Amino acid sequence: MVEKGLHPQQLQESEPLRDVERTCMHNLLNSTDERVYFKDLNSRFLLVSAGWLSTVAPGHSMEEVIGKTDFDFFGEEHAEDALADERQIILTGEPIVGKLERETFQDGTSPWVSTTKMPLRDERGEIIGTFGISRDVTAQVRAEKALAYQVLHDPVTGLANRAALMDRMSQALVALERQPGRLAVLYVDLDHFKEINDAFGHAAGDRVLAEVGRRLSVLSRHVDTVARLGGDELVLLCGALRDDDDIALVGDRIVQGIRAPHLAEGRDLSVTCSVGIAVTRDPFIEPNKLIRDADEAMYEAKQAGRNCYRIYDSAQGVASGTSLLRAELTHAVDEAELFLLYQPLFSLDDQSLIGVEALVRWRHPERGVVPPHDFLPFAEQHGLIARIDSFVLNEACRQLAAWASLDGWFSEFTMAVNVSGAELSDPGFARQVAEVIRRHGIKSAMLCLEITESALVDEWGHVQETLSALSELGVRLALDDFGTGYSTLAHLQRLKVDILKVDRSFVAQISKSPLDREIVAAVTAMSHALGISVVGKCIETSQQLETLAGLDCDQGQGFLLARPLLPEAVVALVI
Ligand code: C2E
Ligand code: MG
């Protein structure tokens, strides 16, 4: 390009560098560790310092470097950047001062450098090239990055800290202004965390916090922020929620996800948590107010017995009607107001007793005995179903073990327990079942878990794993209410269930409706081909019983055969 200026070889001999200047320059360049370089108008090296030579081109002599360009020593991208900078300096005469950039060497290393480049002028002031100094600032950049990380992260969990959370909240509120929707803050506080610290020490406590942080991150969407405010208090910030996104579901998933067993180094570090949720549509809400509301709701969750979530109602503080029923139900679990009835199941061949199905009841101090349909859906929506399910499973297995120890009891007697969808979505459920079986010393084949079709539609993806783990345990699986959902017969094989309970709606009409008879006949034939037993439930008339037996149905259950019974009545049936 430009022909004016120095040729590399000319610098040594040419005027105007007088001898003394040349000596000074020589000494300076040979003694400095800085990377100093002089280039001509075509960005070819004229001179470099000893520091440049030893770091950029170790093993090369000055003569080998002179006349070469950055493309001979650096990665292409960096060499192009440098060339562009130098052309700009030559064109404008303006220096580039303290530019922070990454030099990439051809061996792949890429230190951070701070570069200052100036125009190189002759005695008349004409630009004849460029010169520059680059200083390696990698250590400094790393330290700054570590500091920035520290400023925004919690060291124990690696999660965002309070400062980062506040920043993300401001961003989320700005986004809410542009795009209306909802923003939710979930305040998560571990229950009895102090006991873990006291029993196992602070290192174990930190481990629990890190695991809780990890689970919260797994349970949240990638756009959400999980932060630790300090102590055992964590926050999940969910922005950009659509109106149909069910925040209660998220609360429930968190309660369940945290309480899944956590065993480490032979210790049980399992914890539960209480969650308070505050939701807003107001982009101008004060971020601290939102956190305070969530905190208040969390406090309500603690009051309601812990291991559950509460939603803050901005109209009246924490919702009172819901809170009453919730508190009552929590109380019911704690105070043993729940109890089980057992409905017998018979073989349709010879009407012999096979086992029972456990059915939960709530003995309410004022309302009397409340059936499951009046409180299970509420429990499911308000984060209490897990505690009820776990009570039922434990109590049914305890009862089975007690019966099995009686003289005259038969060892094939089975206990069926209904399992909610929430349990199946809980990754720790199979382990919980294994633990209950072990605790009561029962044979796993004597336990049958009844799952419904709707529970199989699981958007969080743990159901299949849970079912496989349960099969491996040797527990039997029954698909309840078959025919009401979307399970096809093809599904059955994949699900590996052992028993299929035909929905009551088919049984109700079976002696009158030829279509229902055909369906039950086909289902039974297919199930038998797959090695699955079929149960007809809610049998109320002898016609229904006879028709089902005629269609090759294996087992039957219903008021005609036996109502749900107290344990003593079951003993009377067996012995
Ligand atoms: P399910 O599993 O289908 O249980 C059978 C229900 O039908 C029971 O009602 C039982 O009392 C009733 N039933 C039995 N035979 C007859 C009959 O011949 N005629 C009529 N009309 N009804 C009959 P229940 O105990 O009210 O339970 C209702 C549902 O609540 C159960 O349906 C089950 O889905 C759920 N459930 C009950 N106990 C539990 C439990 O401990 N945990 C969970 N997760 N769910 C439970
Ligand atoms: Mg059932």
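Refer to the preceding data block for the structure.
The shown structure was predicted, so the numbers you read here are calculated from the model rather than taken from an experiment.

Attention now moves to the overall build of the protein chain. In terms of regular secondary structure, the protein chain is built from 23 helices and 22 strands. The globule rule puts the C-alpha radius of gyration for 575 residues at 25 Å, and the 37 Å found for the protein chain is more than 25% above it. Seen through its principal axes, the protein chain has C-alpha atoms that stretch 120 × 55 × 45 Å. Among the 575 residues that make up the protein chain, the fraction classed as buried is 50%. When the accessible surface of the protein chain is summed, it comes to about 27,900 Å², and 53% of that surface belongs to carbon and sulfur atoms. Positive and negative side-chain charges in the protein chain, numbering 55 and 87 respectively, have mean positions lying 1 Å apart.

With that settled, consider the packing of helix α9 (residues 202–219) against helix α10 (residues 247–259). Direction vectors running N to C along α9 and α10 enclose 140°, while the axes themselves pass 10 Å from each other. In terms of orientation, α9 lies oblique with respect to α10. The way α9 lies across α10 gives a crossing that is right-handed. For the pair α9 and α10, contact is made by Val212, Arg215, Leu216 and Leu219 and by Arg253, Ile254, Gly257 and Ile258, respectively. By residue class, the composition of the contact of α9 with α10 is 5 nonpolar, 1 polar and 2 charged.

With 76 residues, the main nonpolar core has Met415, Leu447 and Leu449 as its most contacted residues. The element best represented in this core is helix α14 (residues 385–404), accounting for 8 residues. Both domains that meet at this core, namely domain 2 (153–319) and domain 3 (334–360 + 386–574), each give it at least three residues. Residues contacting Met415, with those up to four places away along its chain left out, are Tyr342, Val356, Ala358, Ala396, Leu400, Trp403, Met446, Leu447 and Cys448. Core analysis: the next-biggest nonpolar cluster, separate from the first, contains 31 residues, Val188, Val212, Leu236 and Val250 among them.

Turning to the side chain of Arg259, a few remarks are in order. Along the polypeptide, Arg259 turns up in helix α10. By relative accessible area, Arg259 is classed as buried at 16%. Among all residues touching Arg259, those that are not within four sequence positions of it are Val271, Thr272, Asn307, Ala386, Ser390, Glu423, Asp426 and Gln432.

Turning to the pattern of salt bridges, a few remarks are in order. Within the structure shown, the criterion is met by 30 salt bridges. A salt bridge links Arg439 to Glu435, with the nearest nitrogen and oxygen atoms 3.7 Å apart. Within this pair, Arg439 and its partner Glu435 are both found in helix α16 (residues 429–440), separated by 4 residues, close to a single helical turn. With relative accessibility at 30%, the residue Glu435 sits in the partly exposed group. Its salt-bridge partner being Asp481, residue Lys537 comes within 2.8 Å of it at the nearest N-O pair. Note that Lys537 is positioned in the loop between β21 (533–536) and α22 (542–550) and Asp481 in strand β19 (residues 476–482), a separation of 56 residues in sequence. By relative accessible area, Lys537 is classed as buried at 12%. Relative accessible area serves as the criterion here: at 23%, Asp481 is assigned to the partly exposed category. One network of salt bridges, with partners in common, ties together Lys39, Asp70, Glu86 and Lys117.

So, about the coordination of the magnesium ion (ligand 2). A metal bound by six donors in octahedral fashion has ideal angles of 90 or 180 degrees, whereas one bound by four tetrahedral donors has an ideal angle of 109.5 degrees. Of the protein atoms, only Glu357 (OE), Asn418 (OD1), Glu450 (OE) and Asp480 (OD) coordinate the magnesium ion (ligand 2), at distances of 2.0 to 2.3 Å. Here the donor residues of the magnesium ion (ligand 2) share one chain and are spaced in sequence as E-x60-N-x31-E-x29-D. Of this pair, Glu357 sits in strand β15 (residues 353–364) while Asn418 sits in strand β17 (residues 414–418), and the two are 61 residues apart along the sequence. Using a relative accessible area of 7% as the deciding quantity, one classes Glu357 as buried.

Take the site of ligand 1 next. Taken together, 23 residues lie near ligand 1, and Arg361, Arg504, Lys537, Glu540 and Phe559 sit nearest. One of the backbone N or O atoms of Val360 is found 3.1 Å from a nitrogen atom in ligand 1. Note that an oxygen atom of ligand 1 is positioned 2.9 Å from one of the side-chain N or O atoms of Asp480. Taken by itself ligand 1 offers 790 Å² of open surface, and the protein chains cover 86% of this. Among the secondary structure elements, those contributing two or more residues to the shell around ligand 1 are β15, α14 and β19.

The rules behind the values
- Residues numbered from 1 in each chain as written.
- Chains lettered and ligands numbered in written order.
- Predicted model: local features only at pLDDT ≥ 70, side-chain atom pairs only at ≥ 80, totals over all residues.
- Heavy atoms only, no water.
- Helix = DSSP H or I, 4+ residues; strand = E, 2+ residues; numbered from the N terminus.
- Rg over C-alpha atoms; globule rule 2.2 N^0.38 Å.
- Buried < 20%, exposed > 50% of the residue type's maximum accessible area, 1.4 Å probe, protein only.
- Areas by Shrake-Rupley, 256 points an atom, 1.4 Å probe, with all protein chains shown as cover.
- Lys, Arg positive; Asp, Glu negative; His and termini not counted.
- Charge placed at Lys NZ, Arg CZ, Asp CG, Glu CD.
- Axes fitted to C-alpha atoms, helices over the stretch in contact; angles between N-to-C directions.
- Parallel < 35°, antiparallel > 145°, perpendicular 65-115°, else oblique.
- Left-handed = near helix turned anticlockwise from the far one by under 90°.
- Contact = heavy atoms within 4.5 Å.
- Nonpolar A, V, L, I, M, F, W, Y, C, P; charged D, E, K, R; others polar.
- Core = buried A, V, L, I, M, F, W, Y, C linked by side-chain atoms within 4.5 Å.
- Domains from an automatic or database assignment.
- Salt bridge = Lys/Arg side-chain N within 4 Å of Asp/Glu carboxyl O.
- Donors = N, O, S within 2.8 Å, 3.2 Å for Na, K, Ca; no water.
- Near = heavy atom within 4 Å.
- Polar contact = N/O pair within 3.5 Å; in protein donor to acceptor, adjacent residues only side chain to side chain.

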